[in-house]
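Chain residues, written in single-letter form:
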Amino acid sequence: AEQPPLKIMISGAPASGKGTQCELITQKYGLVHISAGDLLRAEIASGSENGKLAKEYMEKGQLVPDEIVVMMVKDRLSQTDSEKNGWLLDGYPRSSSQATALKGFGFQPDLFIVLEVPEDILIERVVGRRLDPVTGKIYHLKYSPPETEEIAARLTQRFDDTEEKAKLRLKTHNQNVSDVLSMYDDITIKIKGNRSKEEVFTQIDTALSQMLQQRNTSPSSL
Ligand code: AP5
């Protein structure tokens, strides 16, 4: 019998590599990548009132209020493509209230991935990050430089990617992380994120293949 699609959450400190790994995971597993941060940046770009309010919090590295974030994520998870292909939720939940809200709507992940990266390398990753507005691809001036001059010339930087703002984001993360982790204890895998992006992906890929294999050999356990 056909298995239900995979549902995964990925969590980790600012610049721990969530977005980078999501690119690789979706390429191989065809899940729909839903990034809370990207949804919020799209809301800002639309010029809406919610976007304006969200930006005030993001500028300070604080969590955007649940009233804005929860429905935004819930609506995206409810779309047909997510239901059909499975989803990879990035940067949500960031508090126990966000986790509880999602559970209340009936969204339960199969796996909770945590990227573990020592704090001292996060800032360097943030400051060197660049984005390609055309493809959406994530680069780093040192660790993942653009392939061509043409791409290099059009790269942009996020408004919250300064050292000062990254430290505020990290502080917020540290205040909330244990609350969130405690809610997914039984389905959590911890990944060593302080390695090349390919090595980090190999760890995730191994865990995902094992999980899919187990599902196929024990369908009655579902
Ligand atoms: P969000 O956009 O989610 O930012 P974040 O959590 O700070 O995470 P980042 O996007 O900075 O990093 P990442 O882990 O994706 O790393 P990446 O792969 O890009 O959130 C922004 C803000 O929105 C929050 O501060 C908050 O205000 C708000 N918000 C978001 N979600 C919310 C929620 N649920 N509730 C309330 N508010 C919310 O990698 C970083 C860099 O490192 C890149 O340059 C990359 O090339 C490089 N890199 C990646 N992997 C490696 C590697 N293995 N080795 C070397 N370099 C690497």
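Residues numbered from 1 in each chain as written. Predicted model: local features only at pLDDT ≥ 70, side-chain atom pairs only at ≥ 80, totals over all residues. Heavy atoms only, no water.

(A) Representation of the site of the ligand in the model. Around the ligand, 34 residues are found, and the nearest of them are T20, Q62, R94, R129 and R195. In this structure, V64 approaches the ligand through a main-chain N or O atom, which is 3.0 Å from a nitrogen atom. Residue K197 places a main-chain N or O atom 3.3 Å away from a nitrogen atom belonging to the ligand. Calculation on the ligand without its partners gives an accessible area of 1000 Å², and the protein chains cover 95% of this total. Listing elements by their share of the shell around the ligand, those giving two or more residues are α1 (18-29), α2 (36-46) and β6 (138-140). Looking at which element gives the most residues to the shell around the ligand, the answer is α2, with four residues. For the shell around the ligand, the per-class residue count stands at 13 nonpolar, eleven polar and ten charged. (Near = heavy atom within 4 Å. Polar contact = N/O pair within 3.5 Å; in protein donor to acceptor, adjacent residues only side chain to side chain. Areas by Shrake-Rupley, 256 points an atom, 1.4 Å probe, with all protein chains shown as cover. Helix = DSSP H or I, 4+ residues; strand = E, 2+ residues; numbered from the N terminus. Nonpolar A, V, L, I, M, F, W, Y, C, P; charged D, E, K, R; others polar.)

(B) Structural detail: the sheet that holds strand β2 (residues 32-35). Strand order in the open sheet formed by five strands is β2-β3-β1-β4-β7, and the pairing between neighbours is parallel. Whereas interior strands pair on both sides, the edge strands pair on one side only; in this sheet they are β2 and β7 (188-192). On average, each strand axis in the sheet is tilted by 20° relative to the strand beside it, whichever way the strands run. Both strand β4 (residues 111-116) and β7 contribute to a ladder of five bridges, which runs parallel. For L115, the partnering residue across the bridge sits in β7 and is I191. Contacting β2 and β3 (87-90), α2 runs over the sheet at an angle of about 65° to β2. (Pairing = 2+ DSSP bridges. Axes fitted to C-alpha atoms, helices over the stretch in contact; angles between N-to-C directions. Contact = heavy atoms within 4.5 Å.)

(C) Examining the nonpolar core more closely. Core analysis: the biggest nonpolar cluster contains 24 residues, and L40, L77, L89 and Y92 have the highest contact counts within it. Elements with a minimum of two residues in this core: β2, α2, α3 (49-59), α4 (66-77), β3, α6 (96-104) and β4. Tallying contributions element by element places α4 first for this core, with six residues. Apart from the residues lying within four places of it in its own chain, the contact partners of L77 are I34, S82, E83, W87, L89, L102 and F107. Core analysis: the second largest hydrophobic core is formed by 18 residues, L6, L31, L115 and F201 among them. (Core = buried A, V, L, I, M, F, W, Y, C linked by side-chain atoms within 4.5 Å. Buried < 20%, exposed > 50% of the residue type's maximum accessible area, 1.4 Å probe, protein only.)

(D) Fine view of α3. Listed in full, the buried residues belonging to α3 are G51, A54 and M58. Relative to the axis of α3, the buried residues are bounded by an arc of 65° and lie together on one face. Against α2 and α4 lie the buried residues of α3. Of the residues one or two after α3, G61 is the one with positive phi, at around 70°. (Arc of directions from axis to C-beta.)

(E) Examining the packing of aromatic side chains more closely. Considering all chains together, one arrives at two aromatic pairs under this definition. Between the aromatic rings of W87 and F107, the centroid separation amounts to 6.4 Å while the plane-to-plane angle is 70°, which identifies the pairing as edge-to-face. Placement of W87 in strand β3 and of F107 in the loop between α6 and β4 is noted, with a sequence separation of 20 residues between them. Given the relative accessible area of 3%, W87 is considered buried. On the numbers, 4.6 Å between centres and 5° between planes, the contact of F112 with Y184 is stacked. Of the two residues, F112 is situated in strand β4 and Y184 in the loop between α9 (163-182) and β7; the sequence distance between them amounts to 72 residues. (Phe/Tyr/Trp six-rings, centres within 6.5 Å; stacked < 30°, edge-to-face > 60°.)

(F) Seen up close, unusual backbone geometry. A cis amide bond links Y92 with the next residue in sequence, P93, at an omega value of 0°. Turning to its location among the elements, P93 is positioned in the loop between β3 and α6. Backbone geometry places A15, a non-glycine residue, at a positive phi of 65°. You can see A15 is positioned in the loop between β1 (7-12) and α1. Residue classification places A15 among the buried residues on the basis of a relative accessible area of 13%.

(G) Up close: the environment of G136. Mapping G136 onto the fold places it in the loop between β5 (129-131) and β6. Residue G136 is classed as partly exposed on the basis of its relative accessible area of 46%. Counting along the chain gives 113 residues from G136 to E23, while the straight-line C-alpha distance between them is 9.8 Å.

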